Amino acid sequence: MLATNVFLKILAKDIPVRVAHEDDLCLAFHDAHPQAPVHVLILPKRVIRTHADLVPADAALIGHLNLVAVELAKELGLTAGYRVVVNCDDAGGQTVPHLHLHLLGGRPFDWPPG
Ligand code: AMP
């Protein structure tokens, strides 16, 4: 596999990460620069560049990513609540061009977000 961005390198096991969950469809791992006590990234193994590229055929996959977030929130003890974030493209603050959910918890979050 020709790994062209950091998440493809992680999926190819070329860069080590602290894995939180893995199945046929996705990989979840702890963020290298956590923005909260719990900060896990959940990404599909199939390449989807960004949220805006999702199509109806991806409905089950994006549902699966969200259900993995629910399970991880339970496993990681986020009983008081948590935040799920998807940054889309430049204005949304996306830095890695491979769709991913951020699962953040362990502290309160403000609204509106920065
Ligand atoms: P985004 O800005 O939404 O594209 O999120 C990319 C996230 O990937 C950031 O929170 C980074 O801290 C995280 N990240 C980048 N490289 C690594 C890495 N090698 N291991 C774990 N997380 C990473």
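If you're wondering where the values come from, they're calculated on a predicted model, not measured in any experiment.

Engineer: Got a sec to walk through the overall build of the protein? Specific residues and values, please.
Structural biologist: Along the protein, the regular secondary structure elements total three helices and five strands. Secondary structure of the protein in N-to-C order comes out as α-β-β-β-α-β-α-β. Radius of gyration (C-alpha) of the protein: 14 Å, near the 13 Å computed for a compact globule of 114 residues. Dimensions of the protein, computed from the C-alpha atoms along their principal axes, are close to 40 × 30 × 25 Å. Considering the protein as a whole, with its 114 residues, one finds that 38% of them fall into the buried category. Pairs at least 24 residues apart make up 53% of the contacts formed inside the protein by residues separated by at least 6 positions. The positive charge centre, built from 9 side chains, and the negative charge centre, built from 12, are 3 Å apart in the protein.

Engineer: Describe the site of the ligand, listing the residues and the values that go with them.
Structural biologist: The local shell around the ligand holds 17 residues, among which Asp 31, Asn 87, Thr 95, His 100 and His 102 are the closest. For the ligand, an oxygen atom lies 3.0 Å from a polar atom in the backbone of Val 96. With the chains in place, 83% of the 500 Å² that the ligand exposes on its own is no longer accessible. The set of elements that each furnish at least two residues to the shell around the ligand consists of α1 (6-11) and β2 (26-30). Considering every element that reaches the shell around the ligand, the biggest residue donor is α1, with three residues. Across the shell around the ligand, the residue classes break down as eight nonpolar, eight polar and one charged.

Engineer: Could you give an account of the packing of aromatic side chains, naming the residues involved and the relevant values?
Structural biologist: Enumeration according to the criterion identifies one aromatic pair in this entry. Here the aromatic rings of Phe 7 and Phe 29 are separated by 5.8 Å at their centres, their planes lie at 80 degrees, and the arrangement is edge-to-face. Here Phe 7 is found in helix α1, whereas its partner Phe 29 is found in strand β2, with 22 residues between them in sequence.

Engineer: Now, about the nonpolar core: what can you tell me, with residues and values included?
Structural biologist: In this structure, Val 40, Ile 42, Leu 65, Leu 72 and Leu 103 are the most contacted members of the largest nonpolar core, which totals 17 residues. For this core, the secondary-structure elements that each account for two or more residues are β2, β3 (38-44), α2 (59-75) and β5 (101-105). At seven residues, the largest contribution of residues to this core is made by α2. In contact with Leu 72, other than residues within four places in its own chain, are Ala 20, His 21, Ala 28, Val 40, Ile 42 and Leu 103. If you look at the next biggest cluster of nonpolar residues, it comprises nine residues, including Ile 10, Leu 27, Leu 43 and Val 96.

Engineer: Report on the sheet that holds strand β4 (residues 82-85), specifying residues and quantitative values.
Structural biologist: Reading across from one edge, β1-β2-β3-β5-β4 is the order of the five strands in this open sheet, with antiparallel pairing throughout. Strands with a single pairing partner mark the edges of an open sheet, and in this sheet they are β1 (19-22) and β4. Taken pair by pair, the neighbouring strands of this sheet meet at an average axis angle of 15 degrees, ignoring direction. Sheet analysis places β2 next to β3, joined by five bridges and oriented antiparallel. Counterpart to Cys 26 in the pairing with β3 is Pro 44.

So, how was this worked out
- Residues numbered from 1 in each chain as written.
- Predicted model: local features only at pLDDT ≥ 70, side-chain atom pairs only at ≥ 80, totals over all residues.
- Heavy atoms only, no water.
- Helix = DSSP H or I, 4+ residues; strand = E, 2+ residues; numbered from the N terminus.
- Rg over C-alpha atoms; globule rule 2.2 N^0.38 Å.
- Buried < 20%, exposed > 50% of the residue type's maximum accessible area, 1.4 Å probe, protein only.
- Contact = heavy atoms within 4.5 Å.
- Lys, Arg positive; Asp, Glu negative; His and termini not counted.
- Charge placed at Lys NZ, Arg CZ, Asp CG, Glu CD.
- Near = heavy atom within 4 Å.
- Polar contact = N/O pair within 3.5 Å; in protein donor to acceptor, adjacent residues only side chain to side chain.
- Areas by Shrake-Rupley, 256 points an atom, 1.4 Å probe, with all protein chains shown as cover.
- Nonpolar A, V, L, I, M, F, W, Y, C, P; charged D, E, K, R; others polar.
- Phe/Tyr/Trp six-rings, centres within 6.5 Å; stacked < 30°, edge-to-face > 60°.
- Core = buried A, V, L, I, M, F, W, Y, C linked by side-chain atoms within 4.5 Å.
- Pairing = 2+ DSSP bridges.
- Axes fitted to C-alpha atoms, helices over the stretch in contact; angles between N-to-C directions.

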